[in-house]
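Examination of the molecular architecture
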Amino acid sequence: MVVLKGATPSGERNFYENDETLKKILAQQLPEDFLRYAQRELKSFGKLAAGDIDERARYTDREGAPKLEKYNRLGEDISHVWVNEGYRKTVDETYRTGIVGYVHKEIPELGRKGNYVYSFAQGYLLSQSEPGFYCPVTLTMATAYLLDHYADEALKRKFMPHVCATGDMELFEGATFLTERQGGSDVGANVVQALETDDGYRLYGEKYFASNAGMAGVAMVLARMPGAAEGSKGLTLFAVPWKVDGELNGIKIRRLKDKLGVRAVPSGEVEFDGAKAYIVGDPKNGLKYMMEALNLSRICNAVASIGIMKRALDEAAEYAERRNAFGQKLTAFPMVQDSLMKLRAKQEFETAAIFDLIGLYDHVTSGSATQEEQVLNRLLIAILKKESAEQAIHFSHEAIEMHGGNGYIEDFVTPRLLRDAQVLTVWEGTANILGLELIRLVNKLSAHEIFIDYIQKRLAKLQASADVELLKEKTKELGEELTAFAGFDAALQSFEAKSLMKKMAQLFENTVALEWAEKHGGMYAPLAEIFTEVTWNTRTIGGKMKTVNYFKEVMDK
């Protein structure tokens, strides 16, 4: 019998309880006392995410989406964003877990700070039910990062306790406002102004796509001071409180966007008319700081993607086991077994690969990473964000198809998964923008050489096998392609970048897959075989049906 991995034997759903891969990831990356704490807390949060949070997410998506209350009864502009009570409860319960706060302050029970591995484990569970709300969490994480790393001590004291609140004081959710109408991804075209007055700086202008508008307590905003350089080098980062002394801080919301998905997060057009603002860090490094926060947000994006992938796979597997067709359950058909096993292999090893990256990111943000590790970190963020976002859409599509007509009906979660997944290829950088990141990293920092050397060293530690030899050959081929790519002109690099990123993601994930097969055995060995076969298209027609032959062995675990 196929067992839904998110369900307990009693039928009560829990996204953490039977996720053996997540448990192994945590066991590998957390100290023993932290691991015990995380196991207990994630079991509780996994139940909450699969139960109450999931039910509230359905209501928010279908009936309770945020609404803009523009004026009060006296005709005054209050720019108030209404959210339903269930959503507010999800906000309260989630931040109390320390999903943001414990990255930056001590966990009372442990007497030390948490880390990104634990935070992203929480985000992975949350995203299986409410990836829309994980966007505000992401923005709050980015806000906390920027304040913690670059604000002066006075500014930290003013905002950090609220941004990192865990039920101990008023919560300030965060936001990062970059996009303007004339610029979009071309942030250097931004024109929002910061004017100095007797009591500090004031902002004037508009941001065209401002997520968490009306819910954020403080927003991180790029603006241009008079006399600053043109383009991206002239942007300064400001912390802008939403309210001052209980009143709107010179901020108005023109309208909320009517989005295809992730309807839980209010995204709006925001106008600044003398909003009080505080400089964060060096005024000349605003974009540099924001790009660091963007890399954090890209990891969050990837975590949301694997959360959607996991939920889509679980829903597809559960439905296939229940549904009878032509006198048999769907799971009795080889074509269904093939579909589910291919999804399972990709989901398990993409999850392992992204948490492998997260471990590196923890190391980089600790300040102890080498230059090569920092470059590798940026590169892996770009390629895995792109790959996972595209896979989230693919998995959602496959889950709908497994359900047949029911998959298109809003009584099921599958339509929402697809609508929520679609934005993940857009937020935090489209594939084209990520392709430009690859070009920069290759041209300026020889990232391709660092990547190939890194993969070769990991493969060299594995025991000899046909799959390991295949991957070594693929590494050699990709290394030659990347070397050629480094010598192309700008137009040809732009043309080739995205296809090379796909190959790099596949190579990295396949390396992780073979490592897991060797270290953990069990279901990971056949899944690694399948991953390798599917990735490099090595099966010939009429050959061994590995996905079918291993189906019961893997899907019962």
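A quick note: this is a predicted structure, and the numbers were derived from the prediction, not measured.

What follows concerns helix 1 (residues 20-29). Where helix 1 is concerned, the buried positions are Thr21, Leu22, Ile25 and Leu26. Looking straight down helix 1, one finds that the buried residues subtend no more than 135° of arc, so they occupy a single side. Where helix 1 is buried, its residues contact helix 2 (32-62), helix 5 (116-127), helix 9 (334-365), helix 15 (490-520) and helix 16 (524-536).

Taken domain by domain, the chain holds domain 1 (20-164) and domain 2 (288-556). Of note, the centres of domain 1 and domain 2, computed from C-alpha atoms alone, are 25 Å apart. The partner domain 2 presents 38 residues to the 33 residues of domain 1 that form the contact. Here domain 1 packs against domain 2, burying approximately 3100 Å² in sum over the two surfaces, 63% of which is carbon and sulfur. Connecting domain 1 to domain 2 are four salt bridges.

In terms of nonpolar packing, the biggest core is built from 184 residues, with Phe120, Tyr134, Leu203, Phe272, Leu340 and Phe451 touching the most fellow members. Counting residues per element, this core draws most heavily on helix 8 (residues 286-322), which supplies 19 residues. If you count residues domain by domain, this core takes at least three from each of domain 1 (20-164) and domain 2 (288-556). Excluding anything up to four places from it in sequence, Tyr134 contacts Ile99, Phe120, Gly123, Leu126, Ser127, Met141, Cys300, Val303 and Ala304.

What follows is about the pattern of salt bridges. A complete count under the given rule lists 48 salt bridges for this structure. The residue Asp54 makes a salt bridge to Arg416 at a minimum N-O spacing of 3.6 Å. You can see Asp54 sitting in helix 2 and its partner Arg416 sitting in helix 11 (residues 414-422), a full 362 residues away along the chain. A single burial state applies to Asp54 and to Arg416, both of which are buried. One salt bridge in this structure joins Arg378 and Glu437, with 3.2 Å as the shortest N-O distance. Residue Arg378 is located in helix 10 (residues 371-403), and its partner Glu437 is located in helix 12 (residues 431-445); the two are separated by 59 residues in the primary sequence. The class of Arg378 is partly exposed, set by a relative accessible area of 30%. Owing to a relative accessible area of 5%, Glu437 belongs among the buried residues under this scheme. Each member of the salt-bridge network shares a partner with another, and the members are Glu206, Arg254, Arg255, Lys257, Glu269 and Glu271.

Within the element layout of this structure, Met545 appears in the loop between helix 16 and helix 17 (546-549). Separated by 241 residues in the primary sequence, Met545 and Ala304 have C-alpha atoms spaced 32 Å apart.

Time to look at the packing of helix 1 against helix 15. Axis separation between helix 1 and helix 15 bottoms out at 13 Å; the angle between their running directions is 85°. Taken together, the axis directions place helix 1 and helix 15 in an arrangement best described as roughly perpendicular. Facing helix 1, whose interface residues are Thr21, Lys24, Ile25 and Gln28, helix 15 presents Trp516, Lys519 and His520. Here the residues of the contact of helix 1 with helix 15 are counted per class, giving two nonpolar, three polar and two charged.

Let us now look at unusual backbone geometry. Among all residues save glycine, negative phi is the norm, and among peptide bonds the norm is trans. You will see that Ser79, though not glycine, has its phi angle at about 40°, which is positive. Among the structural elements, Ser79 can be located in strand 2 (residues 77-82). Its identity as a non-glycine residue notwithstanding, Asp245 has a phi of 55°, on the positive side. Tracing the backbone shows Asp245 in the loop between strand 10 (243-244) and strand 11 (247-248).

Another aspect to go through is the pairing of strand 8 (residues 216-224). Most of strand 8 sits inside the fold, with nine of its nine residues counted as buried. Sheet analysis places strand 5 (residues 173-177) next to strand 8, joined by five bridges and oriented parallel. Residue pairing in the sheet places Thr176 in a bridge with Met220 of strand 8. Bridge analysis of strand 8 against strand 9 (residues 235-241) gives seven bridges, and the strand direction is antiparallel. Each residue of the ladder has a partner; that of Ala223, found in strand 9, is Thr236.

Now for the side chain of Ser79. Under the relative-accessibility criterion, Ser79 is labelled buried at 2%. In terms of polar contacts, Ser79 uses its side chain to reach the side chain of Asp77, at 2.7 Å. Those residues in contact with Ser79 that sit more than four places away from it in its chain are Leu68, Glu69, Lys70, Leu248, Ile251, Lys252 and Ile253.

This part takes up the packing of helix 10 against helix 12. Each packed pair of helices is defined by two parameters, the angle between the axes and the distance between the axes. Where helix 10 contacts helix 12, the two axes come as close as 10 Å, and the packing angle between them is 160°. In terms of orientation, helix 10 and helix 12 fall into the roughly antiparallel class. By crossing handedness, the relation of helix 10 to helix 12 is classed as left-handed. Facing helix 10, whose interface residues are Gln371, Val375, Arg378, Leu379, Ala382, Lys385, Lys386 and Glu390, helix 12 presents Ala431, Leu434, Glu437, Leu438, Leu441 and Leu445.

With that settled, the discussion passes to the UniProt feature "domain: Acyl-CoA dehydrogenase/oxidase C-terminal" (unreviewed entry) in the chain. The positions that UniProt labels "domain: Acyl-CoA dehydrogenase/oxidase C-terminal" (unreviewed entry) are, in the present scheme, residues 285-435. For the annotated span residues 285-435, helix accounts for 77% and strand for 3% of the residues, and the straight-line distance between the end C-alpha atoms is 23 Å.

Mapped onto the elements of the fold, Lys207 is located in strand 7 (residues 200-211). Of note is the side chain of Lys207, whose polar atom sits 2.9 Å from the side chain of Glu180. Not counting chain neighbours up to four residues away, the residues in contact with Lys207 comprise Phe177, Leu178, Thr179, Glu180, Asn190, Val192, Val221, Leu222, Gly268, Glu269, Val270 and Phe272.

What counts, and at which threshold
Residues numbered from 1 in each chain as written. Predicted model: local features only at pLDDT ≥ 70, side-chain atom pairs only at ≥ 80, totals over all residues. Heavy atoms only, no water. Buried < 20%, exposed > 50% of the residue type's maximum accessible area, 1.4 Å probe, protein only. Helix = DSSP H or I, 4+ residues; strand = E, 2+ residues; numbered from the N terminus. Arc of directions from axis to C-beta. Contact = heavy atoms within 4.5 Å. Domains from an automatic or database assignment. Buried area = accessible area lost by both parts, 1.4 Å probe. Salt bridge = Lys/Arg side-chain N within 4 Å of Asp/Glu carboxyl O. Core = buried A, V, L, I, M, F, W, Y, C linked by side-chain atoms within 4.5 Å. Axes fitted to C-alpha atoms, helices over the stretch in contact; angles between N-to-C directions. Parallel < 35°, antiparallel > 145°, perpendicular 65-115°, else oblique. Nonpolar A, V, L, I, M, F, W, Y, C, P; charged D, E, K, R; others polar. Pairing = 2+ DSSP bridges. Polar contact = N/O pair within 3.5 Å; in protein donor to acceptor, adjacent residues only side chain to side chain. Left-handed = near helix turned anticlockwise from the far one by under 90°. UniProt positions renumbered as here; feature names shortened; annotations may be inferred.

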